[in-house]
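Chain and residue survey
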Amino acid sequence: MTMREKIEAAAAAYPDQRSAIMPALLIAQKEHGHLPGPVLEEVANILGVERIWVYELATFYTLFNTEPVGMFHLQLCDNVSCMLRRSEDLLRHVEAVLGIRNGGTTADGLFTLSTVECLGACEMAPVMQVGDDYHGDLDIARIDALLERLRATVGKATGADLAAVAPPGE
Amino acid sequence: MPVSLRGTKEEFREEAVVSVTINDQTLEVEAGSTVLQAAERLGIEIPTFCYLKRLPALASCRMCLVEIEGQRRLQPSCATQVTDGMVVRTNTPLIDETRSSMLDMLLANHPLDCPICDKGGECELQDLVMAYGPRKSRFHDIKRVFHSEDIRLSPVIIMNVNRCIQCQRCVRMCEEVVGAVALGTVEKGMDTAVTGFEGSLASCDQCGNCVEVCPVGALMSFPYRYKARPWDLVETDTVCPHCGTGCQLTVGARKGEFMRVRSKWEHGVNRETLCVRGRFGLDFIESRDRIKRPMIRRDGALAPVSWDEAGDFLRRRLSAVEGKAVGGLASPRLPNEVLYQFQKLMRTVFRSNNVDCSSRWPTSLDVLGPLVAGFYTRGPLEEVIGNDCVLVIGGNVTDENPVTEYLLRDAARRRQTGLLILSARPCRLDADANAVFRVPPGGEAASLGAVVARVMGPASPPLPGVDFADVATTGAQAATTNRGGSDRLAAALLEGRSVTVLVSIDLLRSPERRAILEQLNNLLQVLRALGKGPAMQFLFDRANQLGAWDMGVLPAALPGLSPVADHAVRESLEGAWAAEIPSEPGADFDAMLDICDRGEMGALYVVGSDPLITYPDRQFVKRALGAADLLIVQDAFLTDTAGLADVVLPAAGYGEESGTFTNNEGRMQKVSKFREPVFEARGNLEIFDFVAALRSHALQPSAQSEIFGEIAQLVPAYQGLTQDRLGADGAFTKATPTAPAGEFLAPPPAPSATDRLMLVTGNCLFHNGYLSERSAILNTVADDPYVEMGEQDAAQLGLLNGDQVVVRSAQGELTVQLKINRDFPKSLVFVPENYRTLRLNSLMLRGEYPCPVEVQKAHEAFEIAPVTGPEARPEIFTP
Amino acid sequence: MFEPVLLRNMDVADGHLLSTYEAGGGYQALAKALREHTPDDIIGLVKESNLRGRGGAGFPTGMKWSFVPKRAGKPKYLCCNADEGEPGTFKDRIIMERDPHQLVEGMAISAYAIGAETAYVYVRGEYVLAIERLEQAIAEARAKGYLGTGVLGSAFNFNMYIHRGAGAYICGEETAMLDSLEGKRAQPRLKPPFPAVEGLYASPTVINNVETLACVPHIVVRGPGWFRGIGPDKSPGPKLYCLSGQVQKPGLYELPMGISLRELVEDHAGGPLPGRKIKAVIPGGVSAPLIPERGLDVGMDFDSLAAAGSMLGSAGVIVIDDSTCMVKVATRIIEFFHHESCGKCTPCREGLDWVVKVLRRVEAGQGVPGDVEELEALCKGIFGNSFCALGDGAAMGLRAALAHFEHEFVAHIKEQRCPFH
Ligand SMILES: Cc1cc2nc3c(=O)[nH]c(=O)nc-3n(C[C@H](O)[C@H](O)[C@H](O)COP(=O)(O)O)c2cc1C
Ligand code: SF4
Ligand code: FES
């Protein structure tokens, strides 16, 4: 399906096109990696809604990236439950091994590192989400192994296939 | 309990009262009022930021919190509905403390850069902190900074986000009142910022209402930036000169130099709003082509001379044409007093009824007169559109009368008024209408006829004074036009208990103007007979068009719109004026042009009008004007027409003489003088005296205030008005509609369906004629000259948005940029009449409208970047 | 030993598949409801059961449903709140991942009760697996006629859709969720009009939490008496408790409402980590004021916790031991609310920013005398004045930390450093 078709299909769930802006942006982001102005404009045209509405949502919700991100977006939870399980140590470690600061992207464009609010998986704190998948009960050794697996998948696979590599909730 | 904003008309009508006690004072208010409104009634002040009378309550700033007995938390008074027996306190220590801490929090991140803030001295944050704020802030951490440089959102709007207090008035204004949906809010929490798409407002209406309602110095007017301190300004309340909505506004000038315009908030039809023309389009008075001195034509060229020389020249030339025909044209943008005096001058000094006030179309007074006398509602638009149903006919109200459109949108969205639109041109308001009847250009009369027939359908009771035989034929006729449209409209009209009809004056462009007005008359009669007490107002695009009619600047009507032919009226006026009035109706401007063309016009006197750029068939108009023995032009600006004149008299411009306008509502308002006429210009009245004197006459009275007095005496609708009683909101002229003869007139056949492209014209949002075109600011925001057409037509012609195209009629052609408009119906082509450089009228023929055209991609060779802006020069030499 | 109700399929292989669910008697509640009960009966049953909302506020579910106007006209909507943003909470995710049909059936019955033909499940965007499983469940259920036109041959039509969130805690606030569903920036709405009267698309709308809706089938099958028999009469039922933080056995526990917090933490979750002592526990997600160790003998139900000055909230139980700096915990919690404030109202937007700046300073050892008073003053300015409960929650949390651990704040300011490292 083209992006337009996907968006139109998603819009069918609502009586009002404006409701479909969020789903449309999620679709557009899968398509384009991030959401630059022209993409927002395209979404507005497909749905026939005001483009400022699209722009508002693209900036309000944290899962939308108006700036490019690396191939693997490492989202490390640093909320209370994970903090109590020493997520900071992991943050410092990842910053060190990838040579980037929180919020940065590696030169090879592979990894973007962000701390995020509670991922709703505190039973496996500390937790990190990469792409679609959760990785829990992390410690330094597990993180290193995970980064290795991610590197290994490059070229062979991208985002979607990662489930294969790292089963959810591992 | 917060107000539910989706009240039904019934709720609005509901009369029930409830009693509330605030700070131990008890009063009764109508159910549904908020605590804030009740407090206002008691004169108890409650500070607010996010609250704005005409917007649904947001209740986000929390400045207006009050104590309500029995409620755990403090409640926002702006959004809390009074319930019977409610006990409220606004004067407790807790409230003081809460207000102070809200302000402390707002100041924590506020830059406090008041010394360089344009809002300084008229800032709501400053004022409320002074009144309720802490004397010293506990905050001693680092302030949030969004950006160090202000952001230029558009040529006229600049933003300092650091100062924003997130009241969201601007964004709501833009979406809910103006309907532009250009401003929005990005990010969330602390990073929340107001801006346009991708940080730009380049393609918004530029109405600046967001700037007006911003309580702080966040959204600012760029043209006014760093220009003055509010307390340095001499402010004058006056009326906008651009369209007939007649918005009130306040002009700020410094040492006689125009600085800015702001709204008056509590007053006028517009209250806090204005459109781009009113807010940013008054700088035209500083236009470079103001006429500095009188000029006379010597060996083919206009030469500057003194008033005396001009006088001598004019006296000689006038006596030379003694006995030949004389004619006069005055602009409906001039004040009532000037217009009244002009027709008096023409009628008594030049002994001619050849006077007119439209340089664009003939006014068919025989049909118009009865219509206005019979149905025109002189009353507040706010009330007029409170009816169940409002039908807007013709034109494009969004562009022609923007502020009227704001009110209509509000009526449709929040007052449950059923909005109906019948027009050839689409407009933004269509989106808020219950039914839109898009008629073929030129099909207005037939379509109206169809609606009348449907409204009269078998169901309806026999109507006094309406002959059913005719109705049958009407119906038959109507069958030939768009059924669906007329059915929907008719159904809605029958449903509504009360109906209002608003008519764009733009309809008079059509050679079928008479038929259109007749069908309008039919419709109103039927609605009246059905007991829907129809209200009617015209939507004029000229500031004082109704005034011009009332003042009798018409060939067949005297002041008060009474027929020249009416002996009694004429006699009483002759008595009052101590002068004779010709008994024969005169020639309208169209006929005057013919007289000129036949070489029979001795003198043509044009005041504040530029027919050469506006009247159809430029070639003909130019020839005709040239053929008049003596062309006198009295104007503030060197117009194209002035370029052909024999004598040019520099007149006071807007704001350089005082007087009154009568707006679309029939509201008479003061137009104030805020500076002396520049250069050697003189007041229009003074110039009339000057001209009369040349004919050894003296016009009595001759001072504006005295003329006002005479109008208030002799013009029925104006009787009893006094200048001081005009007050802040003006005063309404009165005319009890007198039902016209119940004759029922069959409509003309619908235009035979054609797939030819039909060119129509009218105003665009940023311009409405020769004043706006001289505004440097408007020219920075207005689009370049353009032609608009629908997607389908463009596709068929292989044209893309932005292409340079040639628009060609039998008479001529022009080259402009193409704007594709999704909402345009097939075969409709629109070019705004407001771009002098396009000479649009050279494509048009007299008596033909809409104008059949062809559109094709401009051959590279033809592509000429159209000249616009103050640089645009008339096609004549300039002194 | 309490036999699990909501979690009974948790550890069953393929618990998320329709076959498994049906094998365990799945969808018989729906069949029963349609066969034996009128919509009003169902509302009656739920009222009788005293089921109270599991999303945080603990509002009686049956009563909420009865606010929906009976008259036809506008369509009615059911919205499931699966935004689960409250830090320390993960129960809804696990239900959707491991036993999604339980939710689907609960929603079908609830929609039938309130007369809704359309439902939206607002799932937070990060829950990709949960969304996949729920989508699969909806598809399976539709194929079997549990959803769609004429559910199980009855006259009841019902469709449900997933609306995927995109990261904003405020979307959990029911009216903000409605704005988000309408494609707007998620910001709370004025109440009244209440959603039950004027909610999604200005139509009557009921919003319920995942766990709340999951309780419904069991109430229909086993009867309100059974439900009421579990835990305190005023807030009864099986309850999911999310344990996390510095405990031996973090995880999701299903136990009766009203169980003592101490028992929950020390017995079921295995108590503090080796060599550590419990210092404080947050009983209901970070919006709930923390309870110092000495207060742990409190019943885990809406009323007992309210009486103890805290709240059950989302039952996200976060255990904090004596190795942890409370200033740091407080700072992190306020940073969260600060980051998630929608920005609509002044106290929450500006007040929390101010609070965060002060807390960060104090934690970094740059506090100045008067900071504690300043924080208290700010809490006063925010609490009760913010537009929605987000601001309140933040202020309450900080107040509790200041009340019980002021000495730690003071120490930071005195010593100009964090005593914990
Ligand atoms: C800031 C805020 C966040 C909330 N987050 C959630 C949430 O993530 N999930 C939820 O079910 N309820 C949440 N709520 C409560 C909802 O507003 C609402 O009360 C609840 O979903 C109603 O469902 P219930 O009656 O079944 O509990 C939140 C409330 C507030 C004020
Ligand atoms: S308290 Fe105010 S700013 Fe905070 S989330 Fe609620 S409405 Fe938004
Ligand atoms: S004016 Fe009432 S909350 Fe802003």
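Preceding this paragraph is the structure being described.
As a further point, take the site of ligand 1. Residues and elements named next belong to chain C. Around ligand 1, 18 residues are found, and the nearest of them are G55, N81, N208, N209 and T212. Within the backbone of G85, an N or O atom sits 3.2 Å from an oxygen atom of ligand 1. T212 has a polar side-chain atom sitting 2.7 Å from an oxygen atom of ligand 1. Taken by itself ligand 1 offers 620 Å² of open surface, and the protein chains cover 90% of this. Those elements that provide at least two residues to the shell around ligand 1 are β4 (205–209) and α15 (389–415). It is β4 that contributes the most residues to the shell around ligand 1, three residues altogether.

Our next topic: the nonpolar core. The biggest cluster of nonpolar side chains holds 228 residues, and the ones touching the most others in it are L25 and Y61 of chain A together with F49, L125 and L219 of chain B. The contact partners of Y61 of chain A, leaving out residues within four places of it in the chain, are M22 of chain A together with Y122, A166, G167, A168, C171, S180, K184, R185 and A186 of chain C. Residues W307, A424, F437 and L573 of chain B belong to the second largest nonpolar core, which totals 106 residues.

Before going further, it helps to examine the sheet that holds strand β31 (residues 757–760) of chain B. All names here are of chain B. Here six strands make up a closed barrel; going around it, the order is β31-β35-β32-β34-β33-β36 and the pairing mixed. Sheet twist, expressed as the mean angle between neighbouring strand axes with direction ignored, is 45°. Pairing geometry for β31 and strand β35 (residues 828–830), over three bridges, is parallel. Counted as the bridge partner of M758 is L828 from β35.

Turning next to a nonpolar patch on the surface. All names here are of chain C. The grouping of F59, M63 and F67 at the surface amounts to a nonpolar patch, some 270 Å² of accessible area in total. As for its position among the elements, F67 is in the loop between α4 (61–66) and β1 (77–82). Owing to a relative accessible area of 45%, F67 belongs among the partly exposed residues under this scheme.

Where side chains of opposite charge bring their charged atoms close, a pairing between them can arise. What the rule picks out here adds up to 103 salt bridges over all chains. A salt bridge links K264 of chain B to D237 of chain B, with the shortest nitrogen-to-oxygen separation between them at 3.8 Å. Of the two residues, K264 of chain B sits in the loop between β13 (257–262) and α7 (276–280) while D237 of chain B sits in strand β11 (residues 234–239), which places them 27 residues apart along the sequence. Given the relative accessible area of 40%, D237 of chain B is considered partly exposed. For R332 of chain C, the salt bridge identified is with E335 of chain C, shortest N-O distance 2.9 Å. Placement of the pair is R332 of chain C and E335 of chain C together in helix α12 (residues 326–340), with a separation of three residues, close to one helical turn. No difference in accessibility class separates R332 of chain C from E335 of chain C, as the two residues are buried.

Position of K344 of chain C relative to the elements: it lies in the loop between α12 and α13 (346–363). For K344 of chain C, which is buried and forms no salt bridge, the nearest opposite charge comes from D179 of chain C, at a distance of 6.1 Å. Polar contacts involving the side chain of K344 of chain C include one to the main-chain carbonyl oxygen of P188 of chain C, which spans 2.8 Å. With sequence-adjacent residues up to four places away left out, K344 of chain C is seen in contact with L58, S60 and Q166 of chain B together with Q187, P188, R349 and F387 of chain C.

So, on to the interface of chain B and chain C. Listed per partner, the contact involves 40 residues of chain B and 39 residues of chain C. Interface area for chain B against chain C, summed over the two sides, is near 3100 Å², with a carbon-plus-sulfur share of 55%. Where chain B touches chain C, the interface holds five salt bridges. For R73 of chain B, the salt bridge is made with D392 of chain C, and the minimal N-O distance between the two is 2.1 Å. At the junction of chain B and chain C, the tally comes to 19 residue pairs in polar contact (both at pLDDT 80 or more). For the side of chain B that touches chain C, the secondary structure elements donating two or more residues are α3 (93–108) and β8 (183–186) of chain B. Examining the composition of the side of chain B that touches chain C, we find that eight residues originate from one element, α3 of chain B, more than from any other. Partitioning the side of chain B that touches chain C into residue classes produces 18 nonpolar, eleven polar and eleven charged.

The rules behind these values
- Residues numbered from 1 in each chain as written.
- Chains lettered and ligands numbered in written order.
- Predicted model: local features only at pLDDT ≥ 70, side-chain atom pairs only at ≥ 80, totals over all residues.
- Heavy atoms only, no water.
- Near = heavy atom within 4 Å.
- Polar contact = N/O pair within 3.5 Å; in protein donor to acceptor, adjacent residues only side chain to side chain.
- Areas by Shrake-Rupley, 256 points an atom, 1.4 Å probe, with all protein chains shown as cover.
- Helix = DSSP H or I, 4+ residues; strand = E, 2+ residues; numbered from the N terminus.
- Core = buried A, V, L, I, M, F, W, Y, C linked by side-chain atoms within 4.5 Å.
- Buried < 20%, exposed > 50% of the residue type's maximum accessible area, 1.4 Å probe, protein only.
- Contact = heavy atoms within 4.5 Å.
- Pairing = 2+ DSSP bridges.
- Axes fitted to C-alpha atoms, helices over the stretch in contact; angles between N-to-C directions.
- Patch = residues over 30% accessible without salt bridge, like charges linked within 9 Å, V, L, I, M, F, W, Y side chains within 5 Å.
- Salt bridge = Lys/Arg side-chain N within 4 Å of Asp/Glu carboxyl O.
- Lys, Arg positive; Asp, Glu negative; His and termini not counted.
- Buried area = accessible area lost by both parts, 1.4 Å probe.
- Nonpolar A, V, L, I, M, F, W, Y, C, P; charged D, E, K, R; others polar.

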